[in-house]
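The chain contents come next:
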Amino acid sequence: MTIAKLELFDQELQDAASFFKALSHPARLAILNYLAESKMCITGDISKELPLSRTTVNQHLDELKRAGLIIGEISGAKTKYCLNNEKLKELNTRFSKFILNLKCC
């Protein structure tokens, strides 16, 4: 029987990797920046703010939602997107801890 390679790593590393994967594309970083700069939840088409097609933006939004970094709530015919502050705090903690564990210079 084969073991999934993820099972070879502790849960903390798996959780951190999940967050880092969600941050691994510049479009996702741009979406997070846009939501942060807006300082409010956005209802409507975020693709108008990025040089990407609506389909591509939706795929990136789905990845951010899977990681829990944003919340998407359906509001009528549109979706309202918000930063998930609790998950962002968790991301900050995990990232800080990871960087500190590297013990660079």
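Please refer to the structure placed before this passage.
Owing to the predicted nature of the structure, the values given are computational and were not obtained by experimental measurement.

Undergrad: When you look at the pattern of salt bridges in this model, what are you seeing that I'm missing?
TA: Opposite charge on two side chains permits pairing when their charged atoms draw close. Summed over the entire model, instances satisfying the criterion amount to 8 salt bridges. A salt bridge links Asp15 to Arg94, with the shortest nitrogen-to-oxygen separation between them at 3.3 Å. Of this pair, Asp15 sits in helix H1 (residues 11–22) while Arg94 sits in helix H4 (residues 85–102); the two residues are 79 residues apart in sequence, bridging distant segments of the chain. Taking relative accessible area as the criterion, Asp15 reaches 27% and is therefore assigned partly exposed.

Undergrad: What am I meant to see in the packing of helix H2 (residues 26–38) against helix H3 (residues 54–66) here?
TA: To characterise two packed helices, one gives the angle between the axes of the helices and the distance between these axes. Here H2 crosses H3 at 75°, and the two axes come no closer than 10 Å. Comparing the axis directions of H2 and H3 gives the class roughly perpendicular. Listed contacts from H3 to Ala27, Arg28, Ile31 and Leu32 of H2 are Val57, His60, Leu61, Glu63 and Leu64. Along the lines of polarity and charge, the residues of the contact of H2 with H3 split into 6 nonpolar, 1 polar and 2 charged.

Undergrad: Is there a simple way to think about the packing of aromatic side chains in this case?
TA: Given two aromatic rings, their pairing is described by the distance between the two centres and the angle made by the two planes. Under the definition given, this model contains 2 aromatic pairs. Aromatic pair Phe20 and Phe95: ring centres 5.8 Å apart, planes at 90°, arrangement edge-to-face. Here Phe20 is found in helix H1, whereas its partner Phe95 is found in helix H4, with 75 residues between them in sequence. According to the relative accessible area criterion, Phe95 is partly exposed, its value standing at 43%. Site record: aromatic cluster; members linked through ring pairs are Phe20, Phe95 and Phe98.

Definitions and limits used
- Residue numbers restart at each chain and count upward from 1, following the sequence in its written direction.
- Only residues with pLDDT of at least 70 are given local features in this predicted model, and only at 80 or more are side-chain atom pairs given and counted; all residues enter the totals for whole chains, interfaces and linings.
- Hydrogens and water are ignored here; the side-chain numbers use all heavy atoms of the structure.
- Within this document, salt bridges are pairs made up of a side-chain nitrogen of Lys or Arg and a carboxyl oxygen of Asp or Glu, the two lying within 4 Å of each other.
- Helix numbering and strand numbering both begin at the N terminus, where a helix is a DSSP run of H or I of at least 4 residues and a strand a DSSP run of E of at least 2.
- Between buried and exposed lies partly exposed: a residue is buried under 20% and exposed over 50% of the maximum accessible area for its type, with that area taken using a 1.4 Å probe on protein chains only.
- Inter-axis angles, ranging from 0 to 180 degrees, are taken between N-to-C directions of lines fitted to C-alpha atoms, where helices are fitted over the stretch in contact.
- Roughly parallel means an angle under 35 degrees; roughly antiparallel means over 145; roughly perpendicular covers 65 to 115; every other angle is labelled oblique.
- Should any heavy atoms of two residues lie within 4.5 Å, those residues are counted as being in contact.
- Just so you know the grouping, Ala, Val, Leu, Ile, Met, Phe, Trp, Tyr, Cys and Pro go in nonpolar, Asp, Glu, Lys and Arg go in charged, and all remaining residues, Gly too, go in polar.
- Paired rings are identified among Phe, Tyr and Trp, the last through its six-membered ring, by centres lying within 6.5 Å, and are further divided according to the angle between planes into stacked (under 30 degrees), edge-to-face (over 60) and tilted (the rest).

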